[in-house]
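# Observations on the model geometry
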Amino acid sequence: MTGNSPLLSVEGLTIDLPAQPGLVQDVSFEVGRGRSLALIGESGCGKTLTSMAILRLLPPGLTIAGGRIVFDGTDLLTCSPRELRAVRGGPVGVVFQEPMSSLDPTMTVGDQIAEARLLHLGERRSVALRRAEELLDRVGIPNAAQRVRSYPHELSGGMQQRVMIAAAIACDPKLVIADEPTTALDVTIQAEILGLLRDLQRDLDLAVLLVTHDLGVVADFCDDVVVMYAGHVVERASIDELFYSPGHPYSSALLASVPQSGSPRTRLAVIPGRVPPAGRFPAGCRFQPRCVHNRPEVCGRPQPDSVLAGAHRSRCGRVASGALTVEGVPRG
Amino acid sequence: MTAAVQQETAPARRSRTRVLREVLRKPAAAVSIGYVLLLVVLAIGGRWIAPHDPDVQDLGNRFAGPSLEHWFGTDDFGRDVASRIINAAAVTISAPAISVGIAVAIGLPLGLWAAVRGGWVDAITGRLADTVLALPALVGALAIVAVLGPGLVTTMIAVGIIFSPAIFRVVRGAALAVTEETFIRAADAVGSSRRRTLWVHVLPNIAAPLLVQTTILMGVALLVEASLSFLGLGVQPPDASWGSMLKAAYANQFDAPYAVVPPGIAMVLTVLAFNTIGDAIRDAVGLRRRT
């Protein structure tokens, strides 16, 4: 509750599937008040699981095996179901990946936005619906007064995602968790949705946890980055640190694989191989089979989460010890 | 842009009644609904609407053919067949209503519970449903009648219990599919409790298959009631049911061969109406899913 403590802190989060322990292992990060943090990584690296675990919204079968998740003074892993429900949709809003399937087809969008206010603020439906209308207007939906009574299938994908965002901010949350909010949308709409999120973040002093695999979005939107690979956090850095002086070979390889508009007719760098399937992770550094800087005698040992500078941390022992320097994006 | 938006908002205001409009657009379904409504009116007001007292005998005028005085003729006691058909509408409507009502009252909550809880709850309720389902409705009802004695209400309650697995299975299957949807997780994410999510988000989304199943069971229940009354185990004389009238007509088919026609046709039309409504709802909902 104190001003200095982070809004959300995740420490040593481990998620297990009965057959595959350590699907997500020892994940730690913090989100400061009003800050935006990106959780990036390839498909299947556990970034969505991590973001869903915060509000304990994991699909059945997956269990949180260890760690602590503290939001604004509440330990979300040990609190009662009632306390958890009070946080869900209240001070923490969630935006899901696919807007079309995250809205109830039998309910008007107004009612779905109003739902959180009915539940958390005990407002009457008519009052909450008026507020829903304002929210629709706020997220840039024209004709809000009529749209309140629309059903989800009457809206386009971009509009549906705006509705989801309106629902997520219905109770003036402190944190919005957005799980790849633009993946299911086409490119022009993506930019609009991200622009909307940024405006809201600034105007409402929101903290945003953005799950994405798009480095362009990260560069545009976020203050800090957590890079995940195969269920591990490999690097935690500010945007500038990540882009200009990355602290992990994986981050560096990711940056190199972004097409550059300034250098035509060059071969695009790729990371060879693919993410190992859960349960077949190598011992030690999980990235080592694909890493060009691989030294089996060093990388086969568990890699500690080491501080590089300030809040910049890396899970590569060779970078931390100074034995290896990896390249970022050239400055300028 | 604005033109498109306005064009879209016009139907939005009325879309709560969208399924109903879709159903009524089909002539067959509209006629069926009208027919069922007519039955309901007859069931409630039959005493006043019927041209004659259904129970007054006129033994000098047995097996009279259709005439202006007696539209469908008279039966073996000289009673007016038309009036008896009209009066039997009450039984025709209330018997399926009782049994299907009970089937829903048992099957719906258990189906939801099984779908949401899974595990041993699902296993036990599922096996229970299989057991009851193994019993044909008519045979089960006969067994109950053998124990409790003939009577419309007890038998229809028994039929309702035997029907409940049919509802249970539809509800469980549909609810399982719905609870997998992201919007159920989204409901969790805004802090909705399990029970509230069930009522507010799951139930409306399984309403369509439930309605279809309900209308089909109404038709089956009507036939079960008619069968029991035909066997003399349902409605007791002098009260009439279409089944018991059919039985009387059958016994006297050499004296009055046409007497099987009025109750028979009434029954066929009613079952047909229930099934047509069920089909129309299914189609209307299917249409809605596709858009």
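In this text, all values refer to a predicted model and were calculated from it rather than measured experimentally.

Within chain A, the regular secondary structure consists of 13 helices and twelve strands. Computed over its C-alpha atoms, the radius of gyration of chain A comes to 21 Å, within 12% of the 20 Å expected for a compact globule of 332 residues. Its C-alpha atoms give chain A principal-axis dimensions of roughly 65 × 50 × 40 Å. Looking at chain A as a whole, 52% of its 332 residues are labelled buried. Considering only residue pairs separated by 6 or more positions, chain A has 65% of its internal contacts joining residues 24 or more positions apart. Taken as a whole, chain A presents about 14300 Å² of accessible surface, with 51% of it coming from carbon and sulfur.

From N to C terminus, chain B includes eleven helices and zero strands. What you see in chain B, going N to C, is helices and strands ordered as α-α-α-α-α-α-α-α-α-α-α. For chain B, with 291 residues in total, the buried portion stands at 47%. Counting only contacts in chain B whose residues sit at least 6 apart along the sequence, the fraction spanning at least 24 positions is 70%. For chain B, the exposed area adds up to about 14300 Å²; of that, 68% sits on carbon and sulfur atoms.

Taken as a whole, chain A shows an average pLDDT of 87; of its residues, 98% reach a score of 70 or greater. The least confident element of chain A, judged by mean pLDDT, is helix α12 (residues 296–299) of chain A at 83; the most confident is strand β6 (residues 92–95) of chain A at 93.

Below, the discussion takes up the state of the cysteines. Residue and element names in this part refer to chain A. One pass over the structure, following the stated rule, counts zero disulfides over all chains. As a non-bridged cysteine, Cys-291 has Cys-299 as the owner of its nearest cysteine sulfur, 6.1 Å distant. The thiol sulfur of Cys-316 is not disulfide-bonded, and the nearest other cysteine sulfur, from Cys-299, lies at 6.0 Å.

Once that is clear, we can look at the UniProt feature "transmembrane region" (unreviewed entry) in chain B. Residue and element names in this part refer to chain B. Taking the numbering used here, the UniProt-annotated feature "transmembrane region" (unreviewed entry) corresponds to residues 28–50, 85–116, 128–149, 155–178, 198–224 and 260–281. Annotated as residues 85–116, this span is 100% helix and 0% strand, and its ends, taken at the C-alpha atoms, are 45 Å apart. Span residues 198–224 is 100% helix and 0% strand, its end C-alpha atoms 33 Å apart.

This paragraph deals with the sheet that holds strand β10 (residues 232–238) of chain A. Residues and elements named next belong to chain A. Strand order in the open sheet formed by eight strands is β6-β7-β8-β3-β9-β10-β12-β11, with mixed pairing between adjacent strands. Since the sheet does not close on itself, it has two edges, and those belong to β6 and β11 (306–309), each with one partner. Here the strands of the sheet are splayed against their neighbours by 20° on average, with no regard to which way each runs. Of the strand pairs in this sheet, β11 and strand β12 (residues 312–314) are connected by three bridges, and their pairing is antiparallel. What sits directly across from Val-307, in β12, is Arg-313. Along the sheet, helix α1 (residues 47–54) contacts β3 (36–40), β6, β7 (175–179), β8 (207–212) and β9 (224–229); its crossing angle with β8, the most-contacted strand, is approximately 150°.

Bringing the UniProt feature "domain: ABC transmembrane type-1" (unreviewed entry) in chain B into the picture now. The UniProt feature table records "domain: ABC transmembrane type-1" (unreviewed entry) at residues 89–278 of chain B. A distance of 20 Å separates the end C-alpha atoms of residues 89–278 of chain B, which is 83% helix and 0% strand.

Below, the discussion takes up the nonpolar core. Core analysis: the biggest nonpolar cluster contains 104 residues, and Leu8(A), Phe29(A), Ile54(A), Ile113(A) and Leu175(A) have the highest contact counts within it. No other element matches the seven residues that helix α7 (residues 157–168) of chain A contributes to this core. Counting contributing residues, this core receives three or more from each of domain 1 (8–222) and domain 2 (247–259 + 268–320) of chain A. When neighbours within four sequence positions are excluded, Phe29(A) is seen to be in contact with Leu8(A), Ser9(A), Val10(A), Leu37(A), Leu39(A), Thr50(A), Ile54(A), Leu209(A), Val226(A) and Arg236(A). Listed in part, the 43 residues of the second largest apolar core include Ile162(B), Val171(B), Val224(B) and Ile277(B).

We now examine the sheet that holds strand β4 (residues 63–71) of chain A. Residue and element names in this part refer to chain A. Spatially, β2-β1-β4-β5 is the arrangement adopted by the four strands of the open sheet, whose pairing is antiparallel. The open sheet terminates on both sides in strands that have one partner only, identified here as β2 (20–31) and β5 (74–75). Pairing analysis gives six bridges linking strand β1 (residues 8–17) to β2, with the strands arranged antiparallel. Among the inter-strand pairings, Leu-8 is bridged to a residue of β2, identified as Val-31. Contacting β1, β2 and β4, α1 crosses the sheet at an angle of about 115° to β1.

This brings us to α1(A). All names here are of chain A. Counting buried positions over the eight residues of α1 gives seven, a clear majority of the element. Lys-47, Leu-49, Thr-50, Ser-51, Met-52, Ala-53 and Ile-54 are the residues of α1 that are buried. Just beyond α1, the residue with positive phi is Arg-56, at close to 55°.

Right, let's get into the packing of α7(A) against helix α8 (residues 187–204) of chain A. Each pair of packed helices gets described by two things: the angle between the helix axes and the distance between those axes. All names here are of chain A. With their axes 10 Å apart at the nearest point, α7 and α8 run at an angle of 15° to one another. Between α7 and α8, the angle is such that the two are roughly parallel. For the element pair α7 and α8, the recorded crossing hand is right-handed. Packed against α7, whose contacting residues are Gly-158, Gln-161, Arg-162 and Ile-165, the element α8 presents Ile-189, Glu-192, Ile-193, Leu-196, Leu-197 and Leu-200 at the interface.

The UniProt record marks residues 8–255 of chain A with the feature "domain: ABC transporter" (unreviewed entry), using the residue numbering of this structure. When the span residues 8–255 of chain A is considered, its composition is 40% helix and 27% strand, and the gap between its end C-alpha atoms is 27 Å.

The subject of this paragraph is unusual backbone geometry. All names here are of chain A. For Asp-26, which is not a glycine, the phi torsion comes out positive at approximately 50°. As for its position among the elements, Asp-26 is in strand β2. When its relative accessible area of 36% is taken as the criterion, Asp-26 is described as partly exposed. With a phi angle near 55°, Arg-56 is a residue other than glycine that sits in the positive phi range. Checked against the element boundaries, Arg-56 lands in the loop between α1 and β4.

What follows is about the pairing of β8(A). Residue and element names in this part refer to chain A. A large share of β8 lies buried, amounting to six of its six residues. Residues Ala-207, Leu-209 and Val-211 line one face of β8 and the alternating positions Val-208, Leu-210 and Thr-212 line the opposite face, and both faces are buried. Looking at chain direction, β3 and β8 are connected through five bridges and run parallel. Along β8, the bridge assignment pairs Ile-40 with Thr-212.

In this section: the side chain of Asn87(B). Residue and element names in this part refer to chain B. Assignment of secondary structure puts Asn-87 in helix α4 (residues 81–117). A relative accessible area of 18% places Asn-87 in the buried class. Once you skip the residues sitting within four places of it in the chain, Asn-87 turns out to touch Gly-46, Arg-47, Ala-50 and Pro-54.

Reading the values: the criteria
Residues numbered from 1 in each chain as written. Chains lettered and ligands numbered in written order. Predicted model: local features only at pLDDT ≥ 70, side-chain atom pairs only at ≥ 80, totals over all residues. Heavy atoms only, no water. Helix = DSSP H or I, 4+ residues; strand = E, 2+ residues; numbered from the N terminus. Rg over C-alpha atoms; globule rule 2.2 N^0.38 Å. Buried < 20%, exposed > 50% of the residue type's maximum accessible area, 1.4 Å probe, protein only. Contact = heavy atoms within 4.5 Å. Areas by Shrake-Rupley, 256 points an atom, 1.4 Å probe, with all protein chains shown as cover. pLDDT = per-residue confidence, 0-100. Disulfide = S-S within 2.5 Å. UniProt positions renumbered as here; feature names shortened; annotations may be inferred. Pairing = 2+ DSSP bridges. Axes fitted to C-alpha atoms, helices over the stretch in contact; angles between N-to-C directions. Core = buried A, V, L, I, M, F, W, Y, C linked by side-chain atoms within 4.5 Å. Domains from an automatic or database assignment. Parallel < 35°, antiparallel > 145°, perpendicular 65-115°, else oblique. Left-handed = near helix turned anticlockwise from the far one by under 90°.

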